[in-house]
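Notes for the structure review
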Amino acid sequence: MAQAKNRRKNVSGNPAKRGSVVAPPPKPVTLGDWIGAARLRTLPLAITPVVIGTGAAVLVGDLFHWVIALACLVVAVALQIGVNFANDYSDGVRGTDDHRVGPARLTASRRVSAKSVLVVALVFFGIAAVAGLAIVIRTQQWWMLAVGAFCIVAAWFYTGGKRPYGYNALGEVFVFVFFGLVATLGTTWVQALALPQEAWFGAVAAGFLACAVLLANNLRDIDQDRAAGKRTLTVLIGKRATQALFTALVALAFAIAVYLAFFYPIAWLALLALLAVGPAILIVWTYQTARELILALALTSLGSLAYGAFLAWAFVG
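Residues numbered from 1 in each chain as written. Predicted model: local features only at pLDDT ≥ 70, side-chain atom pairs only at ≥ 80, totals over all residues. Heavy atoms only, no water.

Each helix and strand in the protein chain was counted, giving 14 helices and zero strands. What you see in the protein chain, going N to C, is helices and strands ordered as α-α-α-α-α-α-α-α-α-α-α-α-α-α. Within the protein chain, buried positions represent 48% of all 317 residues. In the protein chain, of all internal contacts separated by at least 6 residues, the share reaching a separation of at least 24 is 72%. (Helix = DSSP H or I, 4+ residues; strand = E, 2+ residues; numbered from the N terminus. Buried < 20%, exposed > 50% of the residue type's maximum accessible area, 1.4 Å probe, protein only. Contact = heavy atoms within 4.5 Å.)

The structure is reproduced here in structure tokens:
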């Protein structure tokens, strides 16, 4: 009897033996996790304006300044990766990513210290700054140092700081400005020192498609963002209005391609990008689970790059 009581006492005093679940130790972070945090599916949005801007520059100057164009590409891609890691850090420390539908973020997973993610973000911002400085030195357009600094500051305050504009329905505005106008027109200017109307049309189209990608992303996260107090445009206007706005932005971008095709016939080929963006529109309107929108986001991003490549070809062809 005494032995039986002791056994019962020992069992009741050991939580593990009472059937409680012990959480497994977190898996070590791999290179694949870091690459995933860079969100490669968004990188075409950084490449598209550089491609379009370079095409417009060649149209004006009849020369391909490949070194400057490559430096512009480094600036754009490094800024995009930097802002992705900065978002990972800022959203992670705020707890916004604790219930993400998409790929897990490094900070929110607690497998990497927030400080480490922040350092990586700053490294990529530094790479962008160095490449931008090289462009300024090469072109002697010193006033563009202010533009570059403003781009880095805007990248940080998208989700960083005490009042991130990405939390106050201004994300699409800044994406249009920086991933459309600034990136495209800046690329054209440093190569041709001119801003033809073709560059402006291409910049607007690139901005529209970049905003469409952001809308697909925010539509995927609408429930989590609403619960976390993240007031994106999608949270404010709702699901149906976001679907309509996504479709309108895509339609306007391709309307620009049609208009340009009357002057540059190769631009008709930009409509081939609808092979990717068309299914994305269908997904946005018919999705049943939030995860389906990840594919819509990727298709729109890749479609944007194809669109930009055909438009640039039209300008130089």
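What follows deals with the nonpolar core. Phe85, Phe246, Val250 and Tyr307 are the most contacted members of the largest nonpolar core, which totals 82 residues. Top contributing element to this core by residue count: helix H9 (residues 197-220), with 14 residues. If we ignore the near neighbours within four places in the chain, the residues touching Phe85 are Trp34, Ala37, Ala38, Leu106, Val117, Val120, Ala121 and Phe124. (Core = buried A, V, L, I, M, F, W, Y, C linked by side-chain atoms within 4.5 Å.)

A negative phi angle characterises most non-glycine residues, just as the trans form characterises most peptide bonds. The phi dihedral of Gln140 is positive, around 65 degrees, even though this residue is not glycine. Here Gln140 lies in the loop between helix H6 (114-139) and helix H7 (144-156). Positive phi, normally seen in glycine, also occurs at Leu193, with a value near 55 degrees. Tracing the chain through its elements places Leu193 in the loop between helix H8 (171-192) and H9. Residue classification places Leu193 among the partly exposed residues on the basis of a relative accessible area of 45%.

Another point: H7. Taking 1.5 Å of rise per residue, 13 residues should cover 18 Å, and H7 covers 19 Å from first to last C-alpha, within 8% of that figure. Those residues of H7 that sit buried are Met144, Cys151, Ala154 and Ala155. Across the axial projection of H7, the buried residues extend over an arc of 100 degrees, all falling on one side. (Expected span 1.5 Å × (residues − 1). Arc of directions from axis to C-beta.)

Running from amino to carboxyl end, helix H3 (residues 44-61) crosses H8 at an angle of 35 degrees, the nearest separation of the two axes being 8 Å. Pair H3 / H8 crosses with right-handed handedness. Contacts between H3 and H8 involve Leu45, Pro49, Val50, Ile52, Gly53, Thr54, Ala56, Ala57 and Val60 on the former and, on the latter, Phe179, Ala183, Thr184, Thr187, Thr188, Gln191 and Ala192. Grouping the amino acids of the contact of H3 with H8 by side-chain chemistry returns 10 nonpolar, six polar and no charged. (Axes fitted to C-alpha atoms, helices over the stretch in contact; angles between N-to-C directions. Left-handed = near helix turned anticlockwise from the far one by under 90°. Nonpolar A, V, L, I, M, F, W, Y, C, P; charged D, E, K, R; others polar.)

Take the pattern of salt bridges next. Under the criterion given, the structure shown has three salt bridges. With a shortest N-O distance of 2.9 Å, Asp221 and Arg220 are connected by a salt bridge. We note a salt bridge from Arg226 to Asp223, for which the minimum N-O separation is 3.5 Å. Here Arg226 and its partner Asp223 are both found in helix H10 (residues 222-228), three residues apart, which amounts to about one turn of the helix. (Salt bridge = Lys/Arg side-chain N within 4 Å of Asp/Glu carboxyl O.)

Another aspect to go through is the packing of H3 against helix H4 (residues 66-94). Closest axis-to-axis distance for the H3/H4 pair is 8 Å, and the angle between their directions is 155 degrees. Classified by the interaxial angle, the pair formed by H3 and H4 is roughly antiparallel. In the crossing of H3 with H4, the sense of the turn from one axis to the other is right-handed. Two secondary-structure elements touch here, H3 through Leu45, Ala46, Ile47, Val50 and Thr54 and H4 through Ala69, Cys72, Leu73, Ala76, Val77 and Gln80. Each residue belonging to the contact of H3 with H4 can be placed in one class, and the counts come to nine nonpolar, two polar and no charged. (Parallel < 35°, antiparallel > 145°, perpendicular 65-115°, else oblique.)

With that settled, consider the side chain of Arg220. Among the structural elements, Arg220 can be located in helix H9. Of note is the side chain of Arg220, whose polar atom sits 3.0 Å from the side chain of Asn217. (Polar contact = N/O pair within 3.5 Å; in protein donor to acceptor, adjacent residues only side chain to side chain.)

As a further point, take the packing of aromatic side chains. By the definition in use, this model includes 15 aromatic pairs. Judged by centre distance (3.9 Å) and plane angle (25 degrees), the ring pair of Tyr165 and Phe174 falls under stacked. A residue is classified by how much of its surface remains accessible, and Phe174, at 25% relative accessible area, is partly exposed. An angle of 85 degrees between the planes, with centres 5.3 Å apart, marks the rings of Phe254 and Tyr307 as edge-to-face. With Phe254 in helix H12 (residues 239-261) and Tyr307 in helix H14 (residues 292-316), the pair connects residues that are 53 residues apart, well separated along the chain. Like Phe254, the residue Tyr307 is buried in the burial classification. Here Lys239 stacks its cationic end above the ring of Tyr287, 4.7 Å away from the centre of that ring. (Phe/Tyr/Trp six-rings, centres within 6.5 Å; stacked < 30°, edge-to-face > 60°. Lys NZ or Arg CZ within 6 Å of the ring centre and 35° of its normal.)

The residue Ala57 is located in helix H3 in this model. Excluding residues that lie within four positions of it along the chain, Ala57 makes contacts with Asp62, Thr188, Gln191 and Ala192.

On to helix H13 (residues 274-286), then. Here H13 contains 13 residues, and its C-alpha end-to-end distance of 17 Å stays within 8% of the 18 Å for a straight helix at 1.5 Å per residue. For H13, the set of buried residues is Ala276, Val277, Ala280, Ile281, Ile283 and Val284. Across the axial projection of H13, the buried residues extend over an arc of 165 degrees, all falling on one side. When the buried face of H13 is taken as reference, the exposed residues oriented beyond 90 degrees from it are Leu275 and Leu282.

What is shown is where atoms sit, not what they do.
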